[in-house]
Amino acid sequence: MEYVIYGIITGCILIIASIGFSMVWKTENFLNIAHGQMLLIGAYMAYLFKSVLNLPFALAMVLSVIATAVLGLLLAKVFYFPVRKSGILVLLFTSIGLSWVIYGIVQAIVGPQIRTFGLETSNMIEVFGSQILSYQELLIIVISVVCVVGLHFILTKTKNGKGFRAMAENRDLAQLRGINSKKLSNYVWLLSSGLAGLAGILLAMSGTLNMELGWQQILIIMSVVIVGGMGNLYGTMLAALIIGLSMDVSTMIVPTSYRTAIAFVIVILVLLIRPQGLSKGGAH
Amino acid sequence: MEILVFLSGLIALGGIYAMLAVALNVNGGLLGLWDLGVVGYFAVGAYSYTLLTIDAPEGLGLPMIAGVIGSVIITGLLSLFIGYTSLRLQSEYLLITTFAFAEIIRIVAGNEEWLTNGNIGFFGLEKPFQEFIPGANYMLFFTGLVLLSLAIFYFFAQRLADSPMGRYMRAIRENEIVTQSIGKKIFATKLKVFVLSSSMVGLVGCFYVWYMSIIAPNMFTSAITFTVWTALVLGGIGNNRGAVIGAFVLILVQEATRFIPVPAEYSVVLAGLRQFVSGMMLILVLRFLPQGLIAEKFKSVEKLFKFHDNSLILEPKGVGKNAASQGAE
């Protein structure tokens, strides 16, 4: 049972981490490898606010999500927008270069030590007499549910959300119909980087904070997005849960160190059987 | 003398990366496969060489040359499997699948202790001809060996690029559907080239083992894949000369910072700076020289005819009768 809970928590974090990646892929048509490093930035920002500036954790979280979002948009404007015309291969490699740049800067500042947020271990919640999860873990689940519901609302009810879906389907046609694609892609970058920052904080909350966080996660994020079907947000959410669950539940059978390998085996299998991913088609 | 040894070590490492870049250029550059699994074949080559040559009980204790040949064969067979399963996929999907295979290989190497000795790996591995060349001079000899095999790699890749097969590979890269429509077997060619390129990478794995004289799973992280691709992009995709130059430039820039004498507490800053510089180099080259330092050049068919008309050399295979008759007109 506890493995299932861990799996759900991993899945929830993966949802938040993957949605932004998926949105960028959908609108900009390239794999943004630097998305993993945005997780790193978010996590270390929160560390800065919480442990260095001694702000309350909730405030630190909000501030670092906002800061990561703004930083993500700035980086996109400086690095990606000028080379957009050169094609997806150039964008892909620019994002690899940017990952190295971010990784190098963060490493130079924080050094190689492994850190934690130093949160007090919270009480366990008892259900039917058995302790199943801590308040922190519950918080992670609640935050991701709020994010998913919020995102669903934005995408289906607001003008920008509808515009995003139109643009994801057919950029030219959307522009023709008077959708301001420049403004929209700014929103996408803000949202995507903010979510990445949030995912980084949640990851560091449930584990530790180290330099390799970005590189480790980007692989799993890519697997999730592929399994979910290219740029399909709801498929991505489902895939995140499936991969999170199978990674953690599999530790009952195989050694823990094979946990990430499970995610990759799933992605290879899915690609071989269903090259379009679990759910085909656009974002509904 | 010390500086000479250090420099030759640097050149040897650059040469190893240059060989990797040349091998990657065969399928990544000429054929346009987005293969992010380089480090996987590299690790398989290195591990199979080590396990074949190291003494029992861990290994089979075979002679060095058998280890080298065996590592090429094993890498080839494994890449045949990986290629057969994943080469039907397009661009991004292929990229992620090969990436996933490479990660699985690394995780297996770290966990199957009965085979690979887990995270500790093996150390104190023998180097070729070590007993004939004493101590300090050995690095110079080894550098020579690396450069010699780099030359062979380069020559081979250059011949391949100029061959009918090379033109055919570029045709697939530029437009797969058109190439298919003129009756070429796309998948079979991709598989052939993929296995060839991966076996070349596996061979370089042996050099890496000799260079490091240790082997452990953490030597084979995806950073190597990205470094090789960066080298290739820096130098110019699809161009062997570019691949070699890109690799040397990148390794020199990364390793030259080790020269700078800094107090120990700043070594982390310096390590970060190294990553920063490599990343910035990649970004700037892509922004201002999207073709890389040396752009890919196509030998025009017309040039080949003129050459023929003047010197009446036997027509190279595959230029085709069609083209020759046009030239005659």
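Residues numbered from 1 in each chain as written. Chains lettered and ligands numbered in written order. Predicted model: local features only at pLDDT ≥ 70, side-chain atom pairs only at ≥ 80, totals over all residues. Heavy atoms only, no water.

Sorry if this is basic, but what is going on with the overall build of chain A here?
The helix and strand inventory of chain A stands at 11 helices and 2 strands. When its helices and strands are written in sequence order, chain A yields α-α-α-α-β-β-α-α-α-α-α-α-α. Projected onto its principal axes, the C-alpha positions of chain A cover 60 × 45 × 35 Å. When the 284 residues of chain A are sorted by exposure, 55% land in the buried category. Considering only contacts in chain A between residues 6 or more positions apart, those separated by 24 or more positions represent 75%. Of the roughly 12000 Å² of accessible surface on chain A, a fraction of 66% belongs to carbon and sulfur atoms. Distance from the positive charge centre (17 side chains) to the negative charge centre (9 side chains) of chain A: 19 Å. (Helix = DSSP H or I, 4+ residues; strand = E, 2+ residues; numbered from the N terminus. Buried < 20%, exposed > 50% of the residue type's maximum accessible area, 1.4 Å probe, protein only. Contact = heavy atoms within 4.5 Å. Areas by Shrake-Rupley, 256 points an atom, 1.4 Å probe, with all protein chains shown as cover. Lys, Arg positive; Asp, Glu negative; His and termini not counted. Charge placed at Lys NZ, Arg CZ, Asp CG, Glu CD.)

Please explain the overall build of chain B as it appears in this structure.
Broken down by element type, chain B carries 14 helices and 2 strands. Of all intrachain contacts in chain B linking residues separated by at least 6 positions in sequence, the fraction that spans at least 24 positions is 75%. Looking at chain B as shown, the accessible area adds up to about 15400 Å², and 67% of this sits on carbon and sulfur atoms.

What is the right way to read the interface of chain B and chain A from this model?
You'll often see interface size given as the accessible area lost when the parts meet. With 38 residues of chain B in contact, the opposing surface of chain A contributes 41 residues. In this assembly, chain B packs against chain A so that about 3700 Å² is buried in total across both faces, 81% of it on carbon and sulfur atoms. The tally of links from chain B across to chain A stands at 0 salt bridges. Put simply, chain B and chain A have 2 residue pairs in polar contact (both at pLDDT 80 or more) between them. Secondary structure elements with two or more residues in the side of chain B that touches chain A: helix 4 (91–111), helix 10 (222–235) and helix 12 (267–288) of chain B. (Buried area = accessible area lost by both parts, 1.4 Å probe. Salt bridge = Lys/Arg side-chain N within 4 Å of Asp/Glu carboxyl O. Polar contact = N/O pair within 3.5 Å; in protein donor to acceptor, adjacent residues only side chain to side chain.)

Please clarify how the environment of Met281 of chain B should be interpreted in this entry.
Relative to the elements of secondary structure, Met281 of chain B occurs in helix 12. Sequence spacing of Met281 of chain B and Val253 of chain B is 28 residues, and the spatial spacing of their C-alpha atoms is 9.7 Å.

In this structure, what is going on with the packing of helix 2 (residues 35–52) of chain A against helix 9 (residues 213–228) of chain A? I would like to understand it.
Think of two packed helices as two axes; the pair is described by the angle between the axes and how far apart they sit. Residues and elements named next belong to chain A. Between helix 2 and helix 9, whose axes approach to 7 Å, the crossing angle comes to 135°. Judged by the angle between their axes, helix 2 and helix 9 are oblique. Of the two possible hands of crossing, helix 2 and helix 9 adopt the one that is right-handed. For the pair helix 2 and helix 9, the contacting residues are His35, Gly36, Gln37, Leu39 and Leu40 in the first and Leu213, Gly214, Trp215, Gln217, Ile218 and Ile221 in the second. Split by residue class, the contact of helix 2 with helix 9 holds 6 nonpolar, 5 polar and no charged. (Axes fitted to C-alpha atoms, helices over the stretch in contact; angles between N-to-C directions. Parallel < 35°, antiparallel > 145°, perpendicular 65-115°, else oblique. Left-handed = near helix turned anticlockwise from the far one by under 90°. Nonpolar A, V, L, I, M, F, W, Y, C, P; charged D, E, K, R; others polar.)

Please explain the pattern of salt bridges as it appears in this structure.
Between side chains of opposite charge, a pair can form as their charged atoms come close. Going through the model one piece at a time under the given rule, you end up with 5 salt bridges over all chains. Measuring nitrogen to oxygen at the nearest pair gives 2.9 Å for the salt bridge that ties Glu28 of chain A to Arg84 of chain A. A residue pair is termed long-range when its members are at least 10 positions apart, and Glu28 of chain A in helix 1 (residues 2–28) and Arg84 of chain A in the loop between helix 3 (57–80) and helix 4 (88–110) qualify at 56 residues. Judged by relative accessible area, Glu28 of chain A falls into the buried class, the value being 8%. Taking relative accessible area as the criterion, Arg84 of chain A reaches 27% and is therefore assigned partly exposed. Close ionic contact of Glu103 of chain B with Arg106 of chain B constitutes a salt bridge, the shortest N to O distance being 2.8 Å. Here Arg106 of chain B and Glu103 of chain B lie together in helix 4, a separation of 3 residues that amounts to about one turn. Exposure remark for Glu103 of chain B: the relative accessible area of 6% places this residue in the buried category.

Would you explain the UniProt feature "transmembrane region" (unreviewed entry) in chain B in this entry?
UniProt tags residues 6–26, 33–54, 60–81, 93–109, 138–157, 193–211, 242–260 and 266–289 of chain B as "transmembrane region" (unreviewed entry). The straight-line gap between the two end C-alpha atoms of residues 93–109 of chain B is 24 Å; of that span, 100% is helix and 0% is strand. (UniProt positions renumbered as here; feature names shortened; annotations may be inferred.)

How should a nonpolar patch on the surface be read in this particular structure?
Residues and elements named next belong to chain B. Together, Ile245, Val249, Leu284, Phe288, Leu289 and Leu293 line one region of the surface with nonpolar side chains, adding up to about 520 Å² of accessible area. Broken down by secondary-structure element, the contributors of at least two residues to the nonpolar patch are helix 11 (240–256) and helix 12. As for its placement among the helices and strands, Val249 is situated in helix 11. (Patch = residues over 30% accessible without salt bridge, like charges linked within 9 Å, V, L, I, M, F, W, Y side chains within 5 Å.)

Would you mind going over the UniProt feature "transmembrane region" (unreviewed entry) in chain A with me for this structure?
Residues and elements named next belong to chain A. Residues annotated in UniProt with the feature "transmembrane region" (unreviewed entry) correspond here to residues 6–25, 30–49, 55–76, 88–110, 138–155, 187–206, 218–245 and 257–274. What you have in residues 30–49 is 75% helix and 0% strand, and the ends, taken at the C-alpha atoms, are 32 Å apart. The straight-line gap between the two end C-alpha atoms of residues 88–110 is 32 Å; of that span, 100% is helix and 0% is strand.

In this structure, what is going on with helix 6 (residues 159–169) of chain A? I would like to understand it.
Structurally, the α-helix is built with 3.6 residues per turn, so residues lying three or four positions apart point the same way. Residue and element names in this part refer to chain A. Those residues of helix 6 that sit buried are Gly161, Gly163, Phe164, Met167 and Ala168. Axial view of helix 6: buried residues confined to an arc of 160°, hence all on one face. The exposed set on the far side of helix 6, more than 90 degrees from its buried face, consists of Lys159 and Glu169. Packing partners of the buried residues in helix 6 comprise helix 1, helix 5 (135–157), helix 7 (171–176), helix 8 (181–206) and helix 10 (233–249). (Arc of directions from axis to C-beta.)

What should I look at first to understand helix 1 of chain A in this one?
All names here are of chain A. The end-to-end C-alpha separation of helix 1 is 39 Å, in line with the 39 Å expected for 27 residues at 1.5 Å each. Counting buried residues in helix 1 gives 22 out of 27 residues, a clear majority hidden from the surface. Asn29, located one to two residues past helix 1, shows a positive phi value of around 65°. (Expected span 1.5 Å × (residues − 1).)

Sorry if this is basic, but what is going on with the packing of helix 9 of chain A against helix 10 of chain A here?
Residues and elements named next belong to chain A. Their axes nearest at 8 Å, the elements helix 9 and helix 10 cross at an angle of 125°. The pairing of helix 9 with helix 10 is recorded here as oblique in orientation. Where helix 9 crosses over helix 10, the two elements pack in a sense that is right-handed. Between helix 9 and helix 10, the contacting residues are Ile220, Ser223, Val224, Val225, Val227 and Gly228 on the first element and Gly235, Thr236, Ala239, Ala240, Ile243 and Met247 on the second. The residue inventory of the contact of helix 9 with helix 10, partitioned by class, reads 8 nonpolar, 4 polar and no charged.

Looking at this structure, I do not really get the packing of aromatic side chains. What am I missing?
Centre distance and the angle of the planes are the two values used to describe a pair of aromatic rings. Per the counting criterion, the structure on display carries 20 aromatic pairs over all chains. Plain terms: the ring middles of Trp25 of chain A and Tyr93 of chain B are 6.1 Å apart, the flat faces sit at 50° to each other, and that makes the pair tilted. Taken as a pair, Trp25 of chain A in helix 1 and Tyr93 of chain B in helix 4 lie in two separate chains rather than in one. We note that Trp25 of chain A, like Tyr93 of chain B, is buried. Seen in terms of ring centroids, Phe99 of chain B and Phe226 of chain B are 5.8 Å apart; in terms of plane orientation they differ by 85°. Their pairing is edge-to-face. One end of the pair, Phe99 of chain B, is in helix 4; the other, Phe226 of chain B, is in helix 10, with 127 residues separating them in the sequence. Here Phe99 of chain B falls in the buried class, since its relative accessible area comes to 3%. Ring pairs connect the aromatic residues Tyr103 and Trp215 of chain A together with Phe99 and Phe226 of chain B, which therefore count as one cluster. In this structure, Arg88 of chain B is placed above the aromatic ring of Phe187 of chain B, and the distance from its NZ or CZ to the ring centre is 3.9 Å. (Phe/Tyr/Trp six-rings, centres within 6.5 Å; stacked < 30°, edge-to-face > 60°. Lys NZ or Arg CZ within 6 Å of the ring centre and 35° of its normal.)

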